[in-house]
Each structure stands twice: as structure tokens, then as C-alpha cells.
Amino acid sequence: MFAITTGVRPRRQPQRTCIACRTEQGKRELVRLVRTPEGRVRVDPTGKANGRGAYLHPYRECWEKALRGGTIKNALKITPAVDDIEALRAFGLALPAKEGDSV
């Protein structure tokens, strides 16, 4: 009549929204960008760096869309330096074109 439970709950994974395509996904499946206290924009592989963060899918099309418009500027509330944009563009080009593609 009653199901016996072990008392262990699965941990909830925090959800974040990709700033380019606006779809929500688990935090671990997205790549975090961070505005550092020095005013630079960097990729945060740990997801724990200090600073304001924004998330993107690890697919080239999301990175291209975010870099094309003012999406990163709006999300991080800063105008990224030209060399930061170029570093982000190089990172995005190394990513697969879409889900399921290999690098």
C-alpha cells in the first residue's frame, strides 16, 4: 500500500538561461562568462570565479549570436574590451556547430 523510500533525495541542479537562445538548462551544461572585478570578460571554466556571470550553450551558434549583438554587453552590464571579444570569439570557434556535432 505504501512505498518504502530510502530517504535520499536527488540533488537539484541549478537552472540557468543561455543569453543567446534564451533556453533554460542545467548550470553544468552551460559555459559561464564572468565580468571580473577588474572589468575584463573571461570564460570561467570552474563556474565559481568572482564577478557577474552570464551563461551560454557550448555551441558555436550561441556564441556567434551573443557576440554579434549587444547580448554580452547587456548581460554583464559592461562593454567588453576588443581583445576580450576576440578571445571569446576564438573560444567559440573551437566549439561544435550544434548539439551532437564533434569538434
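Summary of the structure given here. (Residues numbered from 1 in each chain as written. Predicted model: local features only at pLDDT ≥ 70, side-chain atom pairs only at ≥ 80, totals over all residues. Heavy atoms only, no water.)

A look at the state of the cysteines
To keep things clear, this is the line we draw: By definition, disulfides here are pairs of cysteine sulfur atoms that lie within 2.5 Å. The buried label goes to any residue with under 20% of its type's maximum accessible area, the exposed label to any with over 50%, and the partly exposed label to all in between, with areas taken from a 1.4 Å probe on protein chains only.
What the rule picks out here adds up to zero disulfides. Left unpaired, C18 is separated from the closest cysteine sulfur, that of C21, by 3.7 Å. The exposure class assigned to C18 is buried, which follows from its relative accessible area of 0%. The thiol of C62 is not disulfide-bonded; the next cysteine sulfur, from C18, is found 3.8 Å away. Residue C62 is classed as buried on the basis of its relative accessible area, which comes to 7%.

Side note on the environment of A66
We count it as follows: Every helix listed is a DSSP run of H or I at least four residues long, and every strand listed is a run of E at least two residues long, numbered separately from the N terminus.
With respect to the helices and strands, A66 occurs in helix α1 (residues 60–68). You can call A66 buried: its relative accessible area is 1%.

What about the sheet that holds strand β3 (residues 31–35)?
To keep it simple, the criterion reads: In this scheme, strands are said to pair when DSSP sees at least two bridges between them. Each axis is a line fitted through C-alpha atoms, taken for helices only over the stretch in contact, and angles between the N-to-C directions span 0 to 180 degrees. By definition, residues are in contact when any of their heavy atoms lie within 4.5 Å.
Strand order across the open sheet formed by three strands is β4-β3-β5, with antiparallel pairing between neighbours. The sheet terminates laterally at β4 (41–44) and β5 (52–56), the two strands that pair on one side only. Adjacent strand axes in the sheet meet at a mean angle of 30°, parallel and antiparallel pairs treated alike. Bridging between β3 and β4 involves four bridges; their strand directions are antiparallel. Paired with R35 across the strands is V41, a residue of β4. Where α1 meets the sheet, it contacts β3, β4 and β5, and its direction lies at approximately 130° from that of β5.

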